[in-house]
Amino acid sequence: MAKQEDDFKKVISHAKEYGYVFQSSEIYDGLSAVYDYGQNGAELKKNIREYWWKAMVQLNDNIVGLDAAIFMHPTTWKASGHVDAFNDPLIDNKDSKKRYRADVLVEDYVAKIEGKIEKEVKKAAKRFGDSFDKKQFLVTNQRVVDYQEQATGILKRLGKSLENEDLADVKKLIEELDIACPMSGSKNWTDVKQFNLMFGTKLGANAESAMDLYLRPETAQGIFANFLNVQKSGRMKIPFGIAQTGKAFRNEIVARQFIFRMREFEQMEMQFFIQPGTQKEWYEKWKENRMKWHLSLGLGEDNYRFHDHEKLAHYADAAADIEFRFPFGFKELEGIHSRTDFDLGSHEKYSGKKLQYFDPELNKNYVPYVLETSIGLDRMFLAVFSNSLKEEQLENNTTRTVLKLPAVLAPTKAAILPLVKKDGLPDIARKIINDLKWDFNVAYDEKDAVGRRYRRQDANGTPFCITVDHQTIEDNTITIRHRDTMEQERVAISDLKSIIAEAVDMRTWLKRMG
Ligand code: ATP
């Protein structure tokens, strides 16, 4: 645990030191769970957004984009169920005065049991070596089977109590499991209460006529409200999707995990409209497709897993999370939800407008079913950033801090370094920059010895360093140094563009999705 905490602290301080993420309003001592992205963070975030948009919109001729407003008519949130049901169960510890999400306390308890299972698996894998069969071990080792049963039993009960709004039972579960406040160790809990997560605001200048509004807690409703506008103006035929990225706001009860859980964050959502009855098939397809997208970035297959929901939201008939191994353990990164016709049906009811599709194949009108993929851009940022930060032991007994960001997402693709600040080398470096900058984000650095400049770029996540030296004057070649392997090669200036393009082009990376 201590190592995990330590690693996470390093992630947060590296993000600040290298201009990726700053606490919001830091000069006023900060605003809790709100963050700003710095010069590098803004680029990384933009690149992740673009990587998603390309995969979802540009490469699918039946998916189109949308950019809906953050403010929506207040009835939207009545229809979507957010006014009545967008609650988290909260519980306070009477001694430490700390507030928690009751479901998260229980889920963290279960995560500990899962950790024990992982430990048993590791131990056995070591003992049995090559002959180890993990699948068989999981169903035959009595201790592991017991752990698994315990974990499933707890989650099932939690799911049921939440579904039935039986908050007294959630408290009972916490007491039965003997869960203590992680900050103080105290088990002196209040009752569990529901807390609505939407931020309210007002539209209009005078108090009497002002309209109560909410800041949107998800981007999805802007898509549902525009379903017919897009379908008709784009002559879209089912199945088709509408995708959008944008800010969402939630008054989160507990927000202590850096950009994992923020009060203002960005989502990348896609609603896929389908014939009723085909949702199972599309659910499986989108689960597979989204996992492929994640794996294309090469952060390691072992760092992802699916988690099927026991407790379904009011709108869903099936739901799964793609979980990622964050510095603090496996947690939700993306949700894939089969939302049935709940949203469009409900907007029909509240608005009195038909939100139906005439299907020429079936020769009838119906309210389409919806399959949703929903990922937090900031959470994806944290996944990529934390996974990329490495401390490497080098042969000469020194360490280097390197941010091995997937090259396609790196804020700066190459740094151009004149070996010395004279003999015309800076001029050549500038000329190279002036050529490359039309295609890539590139940086210039002439300060300090070249070794130190390499390290600076390593920590910054820059995949290539290009050094201009005296030989460059003679034969128009430079050395290109690769961040991950630290290997250097001599290449012609005229080949630079294609070498960098091959490594950072979205085409190269997205083609890995197959
Ligand atoms: P959680 O259980 O972690 O609160 P959720 O199930 O409420 O998440 P969804 O409503 O399904 O999340 O939202 C879709 C995605 O939006 C999540 O998978 C996550 O990546 C992102 N997300 C949700 N809430 C936040 C937040 N407060 N800060 C950052 N990202 C968030």
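Shown above is the structure to which this text applies.
Nothing here was measured: the structure is a model prediction, and the numbers come from that model.

A. Fine view of the site of the ligand. Around the ligand there are 17 residues in total, and Glu252, Arg261, Met262, Glu332 and Leu333 lie nearest to it. Interatomic distance of 3.3 Å between a side-chain N/O atom of arginine 101 and an oxygen atom of the ligand. Taking arginine 261, its side chain carries an N or O atom lying 2.7 Å from an oxygen atom of the ligand. With five residues, the single largest contributor to the shell around the ligand is strand 13 (residues 329-340). The class makeup of the residues in the shell around the ligand is five nonpolar, five polar and seven charged.

B. Seen up close, the environment of isoleucine 12. Within the fold, isoleucine 12 resides in helix 1 (residues 2-17). Each C-alpha atom, one on isoleucine 12 and one on phenylalanine 22, is 9.0 Å from the other, the two residues being ten residues apart in sequence.

C. Spotlight on helix 14 (residues 425-436). Its twelve residues place the ends of helix 14 17 Å apart at the C-alpha level, agreeing with the 16 Å of an ideal helix rising 1.5 Å per residue. Taken as a whole, helix 14 has its buried residues at Leu425, Pro426, Ala429, Ile432, Ile433 and Leu436. In an axial view of helix 14, the angular spread of the buried residues amounts to 120°, which keeps them on one side of the axis. Across from the buried face of helix 14, at angles greater than 90 degrees, the exposed residues are Asp427 and Lys431.

D. Main features of the pairing of strand 10 (residues 264-274). The buried count for strand 10 comes to ten of eleven residues, which makes it a mostly enclosed element. Bridge count for strand 9 (residues 240-249) against strand 10 is ten bridges, and the pairing is antiparallel. The residue bridging alanine 243 from the neighbouring strand is methionine 270, located in strand 10. Pairing of strand 10 with strand 16 (residues 369-376) involves eight bridges; the strand directions are antiparallel. Opposite isoleucine 274, over in strand 16, you have tyrosine 369 as the bridge partner.

E. How the structure looks around the packing of aromatic side chains. Here the structure, examined in full by the defined rule, presents 24 aromatic pairs. Pairing tyrosine 20 with phenylalanine 385 gives two aromatic rings, centres 4.9 Å apart and planes at 55°, and the pair type is tilted. With a gap of 365 residues between them, tyrosine 20 in the loop between helix 1 and strand 1 (21-23) and phenylalanine 385 in helix 13 (residues 377-388) connect regions that are remote in the sequence. On the accessibility criterion, phenylalanine 385 (1% relative accessible area) is buried. An aromatic cluster of at least three residues, connected via ring pairs, comprises Phe8, Tyr35, Phe258, Phe260, Tyr304, Phe324, Phe326 and Phe328. The ring centre of tryptophan 293 lies 4.3 Å from the NZ or CZ of arginine 290, which sits over that ring. The ring of tyrosine 454 is capped by arginine 481, whose NZ or CZ atom sits 4.5 Å from the centre of that ring.

F. Structural context of helix 17 (residues 496-504). Those residues of helix 17 lying buried are Leu496, Ile500 and Val504. All buried residues of helix 17 project into a common sector of 40° when viewed along the axis, lining one side. If you follow the buried residues of helix 17, they end up packed against strand 19 (414-418), helix 14, strand 21 (464-468), strand 22 (477-482), strand 23 (488-492) and helix 18 (506-510).

G. Quick peek at the environment of tyrosine 369. On the secondary structure map, tyrosine 369 appears in strand 16. Along the sequence, tyrosine 369 and glutamine 279 sit 90 residues apart, while their C-alpha atoms lie 7.1 Å from each other. Look past the residues within four positions of tyrosine 369 in its chain and what remains in contact with it is Phe272, Phe273, Ile274, Gln275, Pro276, Gln279, Thr340 and Asp341.

H. Molecular detail of the environment of lysine 287. As for its position among the elements, lysine 287 is in helix 11 (residues 279-295). When the C-alpha positions of lysine 287 and valine 144 are compared, they lie 28 Å apart, and in sequence the two are 143 residues distant.

I. Examining unusual backbone geometry more closely. Note that the residue after isoleucine 238, namely proline 239, is joined by a cis bond; omega there is 5°. Structurally, the position occupied by proline 239 is in the loop between helix 10 (227-233) and strand 9. One non-glycine residue, aspartate 29, lies in positive phi territory at about 75°. Structurally, aspartate 29 can be placed in the loop between strand 1 and strand 2 (35-37). Of note in this structure, aspartate 448 is not a glycine but carries a positive phi near 75°.

J. Spotlight on the packing of helix 5 (residues 102-128) against helix 7 (residues 142-163). The N-to-C vectors of helix 5 and helix 7 enclose an angle of 165°; their axes lie 9 Å apart at closest approach. Relative to helix 7, helix 5 is oriented roughly antiparallel. In the crossing of helix 5 with helix 7, the sense of the turn from one axis to the other is left-handed. Two secondary-structure elements touch here, helix 5 through Asp103, Val106, Glu107, Tyr109, Val110, Ile113, Lys116, Ile117 and Glu120 and helix 7 through Arg143, Val144, Tyr147, Gln148, Gln150, Ala151, Ile154, Leu155, Leu158 and Leu162.

K. Examining the pattern of salt bridges more closely. The final tally for this structure, using the stated rule, is 43 salt bridges. Among the salt bridges present, the one from aspartate 92 reaches arginine 99, with a minimum N-O distance of 2.8 Å. Residue glutamate 392 is joined to arginine 400 by a salt bridge in which the shortest nitrogen-to-oxygen separation is 3.0 Å. Taken as a pair, glutamate 392 and arginine 400 share a single burial class, namely buried. Each of Glu392, Arg400, Lys404, Asp458 and Arg481 takes part in salt bridges that share partners, so that together they form one network.

L. Inspection of the sheet that holds strand 5 (residues 99-101) at higher detail. Pairing in this open sheet of three strands is antiparallel, and the strands run 5-4-6 from one edge to the other. Looking at strand neighbours, the two that pair on one side only are strand 5 and strand 6 (193-196), the edges of this open sheet. When strand polarity is set aside, the average angle formed by the axes of neighbouring strands in this sheet is 45°. Where strand 4 (residues 87-92) meets strand 5, three bridges bridge the pair, whose relative direction is antiparallel.

Rules and cut-offs
Numbering of residues starts from 1 in each chain and follows the order in which that chain's sequence is written. Only residues with pLDDT of 70 or above have their local features reported here, since the model is predicted, and side-chain atom pairs are shown and tallied only from 80 upward, although totals for entire chains, interfaces and linings are computed over all residues. The basis for every side-chain value is the complete set of heavy atoms in the structure, and neither hydrogens nor water enter the calculation. Residue proximity to a molecule or strand is established when one non-hydrogen atom of the residue lies within 4 Å of it. Polar contact is defined as a pair of N or O atoms within 3.5 Å, subject to the rule that within protein one atom must be able to donate a hydrogen and the other to accept it, and that residues adjacent in sequence are counted only when both atoms are side-chain atoms. Helix and strand assignments follow DSSP, with helices taken as H or I runs no shorter than four residues and strands as E runs no shorter than two, numbered in order from the N terminus. In this classification, the charged set is Asp, Glu, Lys and Arg, the nonpolar set is Ala, Val, Leu, Ile, Met, Phe, Trp, Tyr, Cys and Pro, and all remaining amino acids, among them Gly, are polar. One less than the residue count of a helix, multiplied by 1.5 Å, gives the span that helix is expected to have. Per-residue accessibility, obtained with a 1.4 Å probe over protein chains only, is compared with the maximum for each type, and a residue is labelled buried under 20%, exposed over 50%, and partly exposed between these values. This arc is built from the directions going out from the helix axis to the C-beta atoms. When DSSP locates at least two bridges between a pair of strands, those strands are taken to pair. Each pair of aromatic rings taken from Phe, Tyr and Trp, with Trp reduced to its six-membered ring, is defined by centres within 6.5 Å and is described as stacked if the planes are under 30 degrees apart, edge-to-face if over 60, and tilted in the remaining cases. Any Lys NZ or Arg CZ found within 6 Å of a ring centre and within 35 degrees of that ring's normal is scored as a charge over the ring. Only heavy atoms matter for contacts: two residues are in contact if any of them lie within 4.5 Å across the pair. Only the contacting stretch of a helix is used when fitting its axis, a line to C-alpha atoms as for every element, and angles between N-to-C directions run 0 to 180 degrees. Angle categories are assigned with fixed cut-offs, so that under 35 degrees is roughly parallel, over 145 is roughly antiparallel, 65 to 115 is roughly perpendicular, and the rest are oblique. With the far helix as reference, a near helix turned anticlockwise by less than a right angle produces a left-handed crossing, and one turned clockwise produces a right-handed crossing. By definition, a salt bridge exists where a carboxyl oxygen of Asp or Glu is found within 4 Å of a side-chain nitrogen of Lys or Arg.

Don't take any of this as a statement about function, it's just geometry.
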